[in-house]
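# Architecture and fold: a report
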Amino acid sequence: MKFILNAIYQIQELALLTWRVVRGLFRPPLYGREILMQMDVLGVGSLTIILLTGFFTGGVLALNSANTLQKFGVQSVTGELVATSLIRELGPVLTCLMLAGRVGSGIAAELGSMLVSEQIDAMRALGTDPIKKLVTPRIIALVTMAPTLTVICDLVGTMGGMLVSTTMLHQPSSTYLASAKRAVDYNEIIGGLIKPTVFGFIIAIIGCYSGLSTRGGTVGVGRSTTRSVVVSSILIIAVDFLLSKMIISVLLES
Amino acid sequence: MSGNHYAIEFQGVSLAFDGNVILNRVSFGVRYGEAKIVMGGSGTGKSTLLRLTLGLIKPDEGRILIDGEDITDYSEEKMMEVRGKVGMVFQEGALFDSLSVYDNVAYRLRETRVAESEIGSIVMRMLRFVDLEDAAGKMPNELSGGMRRRVGIARALVGNPKIILYDEPTAGLDPITARTICELVLKLRDLEEVSSIFVTHRLQDIDVLSREYVMRDDRGDIVFMHEDETLCLLNTQFIMLREGNVIFNGTDEELRASGDPYIRKFLA
Ligand SMILES: Nc1ncnc2c1ncn2[C@@H]1O[C@H](COP(=O)(O)OP(=O)(O)O)[C@@H](O)[C@H]1O
Ligand SMILES: [Mg+2]
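Reading the values: rules and limits
- Throughout this description, residue numbers start from 1 for each chain and increase along the sequence as written.
- Following the order in which they are written, the chains are lettered starting with A and the ligands numbered starting with 1.
- Owing to the predicted nature of the model, reporting of local features is limited to residues with pLDDT of at least 70; listing and counting of side-chain atom pairs is limited to 80 or more, with chain, interface and lining totals taken over all residues.
- Only heavy atoms go into the side-chain values, all of them from the structure, while hydrogens and water stay out.
- In short, DSSP must find at least two bridges between two strands for them to pair.
- Secondary structure counts use DSSP, requiring at least four H or I residues in a row for a helix and at least two E residues in a row for a strand, with both numbered from the N terminus.
- Only C-alpha atoms enter the line fits that serve as axes; for helices the fit covers just the stretch in contact. Angles between N-to-C directions range over 0 to 180 degrees.
- The contact definition used throughout considers only heavy atoms, calling two residues in contact when any of these lie within 4.5 Å.
- Bear in mind that the domain bounds are from an automatic or database domain assignment.
- Reported buried area values correspond to the accessible surface (1.4 Å probe) lost by two parts on association, with both partners' losses combined.
- Contacts described as polar in this section are N or O atom pairs within 3.5 Å, which, within protein, must combine one atom able to donate a hydrogen with one able to accept it, while residues neighboring in sequence count only if both atoms come from side chains.
- When residue character is reported, Ala, Val, Leu, Ile, Met, Phe, Trp, Tyr, Cys and Pro are called nonpolar, Asp, Glu, Lys and Arg charged, and the others, Gly included, polar.

Residues and elements named next belong to chain B. Strands sit in the order β6-β7-β8-β3-β11-β12 across an open sheet of six strands; the sheet is mixed. The sheet terminates laterally at β6 (86-89) and β12 (245-250), the two strands that pair on one side only. In this sheet, neighbouring strand axes are inclined to one another by 15° on average, regardless of whether the strands run parallel or antiparallel. Pairing of strand β3 (residues 35-39) with strand β11 (residues 236-242), which is carried by five bridges, proceeds in the parallel orientation. Counted as the bridge partner of K36 is Q237 from β11. Across the sheet, helix α6 (residues 175-191) touches β3, β7 (163-167), β8 (195-199) and β11, and the angle it forms with β7 is around 160°.

Structure, rendered in structure tokens:
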């Protein structure tokens, strides 16, 4: 009972935070410099891990699927299989899980330490709304950068798949690319971009909420950080299921 | 506002956190130009009192007035305007650690979109006041505890607020640095007529603030004077908090003469 009440309370607080962010979007000031800075720190700063994640995921997809496809004599569709898996599922989910680990935890830790060292109060005392100055820029940054990084992850993954197909499985690269191109369909891409946009929002809002609801000093900051990663990862995977269902029935099944 | 003598007034303010009563019907007033020294053991709600004054948290009961204005039910937006009149020096400085000393002090000016050309001279004047001109380019983590507090004071003074709240600005500092901070407080009290709440545990602070004062001599230089038998400083008053209640409210002479065993122990 207590658990349920607590869960309802947390959801209510999250909704309130979201509402305050949305309402703030239509009232000046909008901190443009902060938004750009967060895009750089959260987005550009994550490029390396996303490149590595994409490359190896594409490679291992090609490796695993080629084996099975060979049994049916359709090894030539490796490219399509790799690209489809990446665009639909693995690109968005892996990119955003990596972001939840790297960036969501960072947001929670940063805002949490600002809270316990009274910097958030100092900000309010000096006439700044911390929601607008800290939360909104992070949300805007992640909602735009998560899809961007996902596209990069998809591209690099497809390249990784090609490298494996040509060097280790001895497929001509033209076969692979021609097959991969067949996966690139307008609706697939739209579907593949909706997911990371939603996930980016989840990572940012959960990170900010965890940080700003920190209790109990420095130890509390550690707890908030862990909580933000756990909650946003689980939400990403759960929401991915729901979104996949919706995207398949609305965009792809016709 | 006619008839109002108080820069800050608490009327029967109560607050509880998770069922623990922190403040129990606390009432007091800080007159214009007065320094109210708030004492009490740790956890008695001194910081909470200051946070209430700034409207960072709201009381469960009672009214809080700033400069004659009842702020108890103000929204965060309306509160932002009131906070322009109030400077707050946080317990550990609460400096923004991603910003340099200069940018910390300039923070409020940038938020209110003051022209960058004017910011420089204001910031340097504030840093000169706390004797930290040389530290302008440093980051907060390069500063000592005393320097952090002084930057906190400089940041709070931007915009010349007529009300300043100090949360244990001398705690954990060596006697010389603590004295420097008290002297800043004296200058603001006596030369700028700032009204303030000053939270402290330190007896040395109590002595300095209740017995010394600052004047300008004939040449306009600042001189520190000592209270003597013929003169009694009325612009410094004391409050002692204990278990959520105000157990003392008066002058330092009354405080020192008090027979209350808790106060005697506190002053021992
Ligand atoms: N946000 C909060 N939530 C719950 N309890 C709090 C909160 N802020 C302060 N308290 C409690 O209120 C009491 C008074 O705190 P505080 O005003 O910081 O004391 P002081 O500054 O006198 O040392 C403490 O027991 C503290 O644990
Ligand atoms: Mg305190």
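Continuing now.
Residue and element names in this part refer to chain B. Domain assignment breaks chain B into domain 1 (3-82 + 169-267) and domain 2 (86-160). Summarising the inter-unit geometry, the C-alpha centres of domain 1 and domain 2 are found 23 Å apart. A combined buried area of about 1,200 Å² lies between domain 1 and domain 2, and 78% of that area is made up of carbon and sulfur atoms. On the domain 1 side of the interface with domain 2, the three residues burying the most area are L54, L184 and L188, jointly 35% of the side's total. Summed over the shared surface of domain 1 and domain 2, the result is three residue pairs in polar contact (both at pLDDT 80 or more). Of all the secondary-structure elements, those providing two or more residues to the side of domain 1 that touches domain 2 are α1 (46-53) and α6. No other element matches the five residues that α6 contributes to the side of domain 1 that touches domain 2. Of the residues contributing to the side of domain 1 that touches domain 2, the split by class is eleven nonpolar, three polar and one charged.

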